[in-house]
Amino acid sequence: MPIISVNDKKVHIQELNKGAEQTVVMIHGMFSNLSIYYFNIAPILAKHFHVVMYDLKSHGMSERFTDGYDLENMSSDVLALMDVLEIEKAHLVGYSFGGLIALKTALKASNRVDHLVVIEAPDPQDEKARGIIEQYSKEFLEHYVANFTDTTKVQMGKRQMEKNHRMYEFLFNQTTIKADMIKEKHFLSEVDFSELKPSTFLMYGADSNCRPTGEWLNEHIGKAELELIPGDHNIPIQEPVLIAETIAHFLSKSLKTLSQNHG
């Protein structure tokens, strides 16, 4: 359980295949934690890449804070984490609200981002989409418990369950997280996508309520590719192997093309 200090904040991280030449930084969604990637998706990507996962502030085992959940602060956290780990440039993968954080980071510091993968990022302007995130948080907790049991062959104890519930209650009731998300409601409509330099891969559930956002992003981002995955907003849970293999293929294909163009 590595805990590192980033801007005087305690951040829980996990790294796989540290010796690889290329790095993928994975950002989970609000109200979940890095385990959304750790069990199934990250190990497949780690066959080819150095994979970095971290718990957002107040999530998982990272330190709790009452504020700073807007995209400006959250993207600054990504860049500060990369600085501490001495990662000059990385591929960014973000899921749900983490997809918006990844997008904001790529806009803010395009020189630090090789390729961008956005999975099921919602339109913050859509109240239904914001509701999906809250609904998903409950489903995530159930999935996390089941996955923990399958992986460790032990039942998660009552104390751990209570700890997880306390974390969610803290986020919902004692932080600015909801207000900060609402403050970002015009983020996508105000973005100048001509400023987005990295090639962008969009992954959305074929039956997801967020799919129209993926299709809209595909129209507005110059260097974008959209892939529809069987399932809804929960595709990392429903199709983790397909998600991982598709990301690995996109990154490998993009790097091969880049190499040929410069060869």
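Residues numbered from 1 in each chain as written. Predicted model: local features only at pLDDT ≥ 70, side-chain atom pairs only at ≥ 80, totals over all residues. Heavy atoms only, no water.

J.: Which parts of the structure should I look at to understand the overall build of the chain?
T.: Scanning the chain from N- to C-terminus turns up 11 helices and 8 strands. Counting all 263 residues of the chain, 52% fall into the buried class. Restricting the contact set of the chain to residue pairs at least 6 apart, pairs at least 24 apart contribute 74%. Summing over all exposed atoms, the chain offers an accessible surface of approximately 12100 Å²; the carbon and sulfur share of this is 47%. (Helix = DSSP H or I, 4+ residues; strand = E, 2+ residues; numbered from the N terminus. Buried < 20%, exposed > 50% of the residue type's maximum accessible area, 1.4 Å probe, protein only. Contact = heavy atoms within 4.5 Å. Areas by Shrake-Rupley, 256 points an atom, 1.4 Å probe, with all protein chains shown as cover.)

J.: How should the pairing of strand E5 (residues 90-95) be read in this particular structure?
T.: Two faces make up the sheet, and in a regular strand the side chains alternate between them. A large share of E5 lies buried, amounting to 6 of its 6 residues. Pairing between strand E3 (residues 23-27) and E5: 4 bridges, direction parallel. Following the sheet pairing, Val25 is matched in E5 by Leu92. With 5 bridges connecting them, E5 and strand E6 (residues 113-119) associate as parallel partners. Residue pairing in the sheet places Tyr95 in a bridge with Ile119 of E6. The parallel pair E5 and E6, bridged by helix H4 (residues 97-108), forms a crossover whose chirality is right-handed. (Pairing = 2+ DSSP bridges. Right-handed = clockwise from strand over helix to strand, strands pointing away.)

J.: Is there a simple way to explain the pattern of salt bridges in this structure?
T.: Two side chains that carry opposite charge are able to pair once their charged atoms sit near each other. Per the counting criterion, the structure on display carries 10 salt bridges. Of the charged contacts, one joins Lys9 and Asp77 as a salt bridge, the two residues approaching to 3.1 Å between their closest N and O atoms. Of this pair, Lys9 sits in strand E2 (residues 9-16) while Asp77 sits in helix H3 (residues 71-84), and the two are 68 residues apart along the sequence. Each of Lys9, Lys57 and Asp77 takes part in salt bridges that share partners, so that together they form one network. (Salt bridge = Lys/Arg side-chain N within 4 Å of Asp/Glu carboxyl O.)

J.: Explanation requested: the packing of H3 against H4 in the structure shown.
T.: Working note: a packed helix pair is described by the angle between its axes plus the distance between those axes. Here H3 crosses H4 at 75°, and the two axes come no closer than 9 Å. Overall, the two elements H3 and H4 adopt an arrangement that is roughly perpendicular. Packed against H3, whose contacting residues are Leu71, Glu72, Met74, Ser75, Ser76, Val78 and Leu79, the element H4 presents Phe97, Leu100, Ile101, Lys104, Thr105 and Lys108 at the interface. Of the residues in the contact of H3 with H4, the class split is 7 nonpolar, 3 polar and 3 charged. (Axes fitted to C-alpha atoms, helices over the stretch in contact; angles between N-to-C directions. Parallel < 35°, antiparallel > 145°, perpendicular 65-115°, else oblique. Nonpolar A, V, L, I, M, F, W, Y, C, P; charged D, E, K, R; others polar.)

J.: Hey, could you run me through empty space enclosed by the protein in this one?
T.: Applying the stated rule across the entire model yields 2 cavities of 30 Å³ or more. Taken as a whole, the largest cavity encloses approximately 120 Å³ of empty space. Lining the largest cavity are 13 residues, and of these Lys9, Val11, Asp55, Lys57 and Asp77 lie nearest its centre. Of all the elements in the fold, those that place two or more residues in the lining of the largest cavity are E2 and H3. With 3 residues, E2 is the largest single contributor of residues to the lining of the largest cavity. Here the residues of the lining of the largest cavity are counted per class, giving 6 nonpolar, 1 polar and 6 charged. (1 Å grid on protein atoms, 1.4 Å probe; cavity = no way out; pocket = protein on both sides within 12 Å on 5 of 7 lines; lining within 4 Å. Points joined across faces, edges and corners; volume = space filled by probe spheres on them.)

J.: Explain unusual backbone geometry here, please?
T.: Even without being glycine, Asn7 reaches a positive phi, approximately 55°. You can see Asn7 is positioned in the loop between strand E1 (3-6) and E2. Classification of Asn7 by relative accessible area gives exposed; the value is 53%. Even without a glycine there, the phi angle at Ser58 is positive, about 70°.

J.: Where do I start with the packing of aromatic side chains in this structure?
T.: Pairs of aromatic rings are described using the distance from one ring centre to the other and the angle between the two planes. Inspection of the entire model under this criterion finds 3 aromatic pairs. Summarising the aromatic geometry, the rings of Tyr38 and Phe39 are spaced 5.8 Å apart at their centres and angled 80° between planes, so their arrangement reads as edge-to-face. Residue classification places Tyr38 among the partly exposed positions, given a relative accessible area of 32%. Taking the centre distance of 4.7 Å and the plane angle of 10° together, the rings of Phe201 and Phe250 count as stacked. Highlighted residues: Phe201 in strand E7 (residues 199-205) and Phe250 in helix H11 (residues 240-262), separated in sequence by 49 residues. With a relative accessible area of 2%, Phe201 lands in the buried category. (Phe/Tyr/Trp six-rings, centres within 6.5 Å; stacked < 30°, edge-to-face > 60°.)

J.: Whenever I open this one, the nonpolar core confuses me. Can you help?
T.: The tendency in soluble globular proteins is for nonpolar side chains to be buried side by side. Of all hydrophobic cores here, the largest spans 49 residues; its most connected members are Met30, Tyr54, Ile101, Leu116 and Phe193. Looking at this core element by element, the count peaks at 7 residues for H3. Sequence-distant contacts of Phe193, defined by excluding residues within four places in its chain, comprise Leu103, Leu188, Trp216, Leu217, His220 and Ile221. Among the nonpolar cores identified, the runner-up in size contains 27 residues, and Ile41, Val93, Ile243 and Ala244 belong to it. (Core = buried A, V, L, I, M, F, W, Y, C linked by side-chain atoms within 4.5 Å.)

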